[in-house]
Amino acid sequence: FKVTATGSKLSYQWQFRTSASGTWKNSGMTGATTGSITVQGTTARNGYQYRCVVIDGSGNKVTSNGATLTVVPKLAITGQPASQSVAKGANAVFKVTATGGGLKYQWQFRTSASGTWKNSGMTGSKSNSITVQGTAARNGYQYRCVITDGSGNKVTSNGATLTVAPALTITSQPVSQSVTKGASAVFKVEASGSNLSYQWQVKTSSASGWANSGMTGSKSNSITVQGTAARNGYQYRCVITDGSGNKVTSNGATLTVK
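A short tour of the structure in this document, coming up.

The rules we used
Residues numbered from 1 in each chain as written. Predicted model: local features only at pLDDT ≥ 70, side-chain atom pairs only at ≥ 80, totals over all residues. Heavy atoms only, no water. Helix = DSSP H or I, 4+ residues; strand = E, 2+ residues; numbered from the N terminus. Rg over C-alpha atoms; globule rule 2.2 N^0.38 Å. Buried < 20%, exposed > 50% of the residue type's maximum accessible area, 1.4 Å probe, protein only. Contact = heavy atoms within 4.5 Å. Lys, Arg positive; Asp, Glu negative; His and termini not counted. Charge placed at Lys NZ, Arg CZ, Asp CG, Glu CD. Pairing = 2+ DSSP bridges. Core = buried A, V, L, I, M, F, W, Y, C linked by side-chain atoms within 4.5 Å.

## Here's the deal with the overall build of the protein
A tally of helices and strands in the protein yields zero helices and 25 strands. At 35 Å, the protein has a C-alpha radius of gyration far larger than the 18 Å of a compact globule built from 258 residues. Along the three orthogonal principal directions, the C-alpha set of the protein runs to about 120 × 40 × 25 Å. Across the 258 residues that make up the protein, the buried fraction comes to 32%. If you take every contact in the protein between residues at least 6 apart in sequence, the share linking residues at least 24 apart comes to 55%. Separation between the mean location of the 25 positive side-chain charges and that of the 4 negative ones in the protein comes to 5 Å.

Right, here's the structure in full:
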């Protein structure tokens, strides 16, 4: 903090107070009796105010305005971006959190773990989070963020990897089965996607609704049903859910018991 004044035989006394409503006290810091005082920015001094009383050779005094010291947190990353796994066509959000003052962000990407980092021009690339659509071409891309504070200091986040799984799609439908009484029918479904879960459903007649099955295998991609007279004409289908909560439902397949 620096003050300039006119007059003869000037002397200086810097004062401080701990808040805008505090009491002014003479400072004993180095430089407190000169025209400028150097104050280290510490967390405790955030909000402190400083002023200078200037006295000339005749004992006249003038007091400067008070100036406030604002201490911002040191530039540091407090939350790293996390790797994301999404279905093809879904969005992945990479986010970084940091402390510091006057922060600016620049997301970068590279096409592989050994590629060269390049600045991204995507929407959100200059904010603390960036949304990336999962396309087949971006599978394995990595993303990181360079953060700059108001003083020009920089930190770079860790890189996070985008994994793009195949879109949730049924690749093989269950097939209707005809079995003799007492024999078993196997209904099977195949699908692409990531972190798939299965729920087989049963419909007892054309007029009834679909209900979740509790049979053994009802939460796998195939279910084995014993052919009984009561089950003749029953229909079976499977609801498949991926790790992002997307769902697809297979065709219904009919059990005929002879």
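Let's pick the thread back up.
## Considerations on the pairing of strand β15 (residues 160–165)
Across four bridges, the pairing between strand β7 (residues 84–87) and β15 is parallel. Each residue of the ladder has a partner; that of serine 85, found in β15, is threonine 163. As paired strands, strand β13 (residues 142–148) and β15 are joined by two bridges and run antiparallel to one another. By the bridge assignment, glutamine 142 is partnered in β15 with threonine 161.

## Remarks on the nonpolar core
Ranked by internal contacts, the top residues of the largest apolar core, which has 18 residues, are Phe187, Val189, Trp200, Tyr236, Ile240 and Leu255. Elements supplying a minimum of two residues to this core: β18 (184–188), β20 (197–203), β22 (222–226), β23 (235–241) and β25 (253–257). Setting aside residues up to four positions removed in sequence, isoleucine 240 forms contacts with Leu168, Ile170, Val189, Ala191, Leu196, Ser197, Tyr198, Asn246, Lys247 and Val248. Within the second largest apolar cluster, 16 residues are counted, among which are Ala92, Phe94, Val96 and Ile130.

## What to know about the environment of valine 179
Position of valine 179 relative to the elements: it lies in strand β17 (residues 177–179). Considering only alpha carbons, one finds valine 179 and threonine 228, 49 residues apart in sequence, at a separation of 9.4 Å. Beyond its immediate sequence surroundings of up to four residues, valine 179 is in contact with Ser184, Ala185, Gly227, Leu255, Thr256, Val257 and Lys258.

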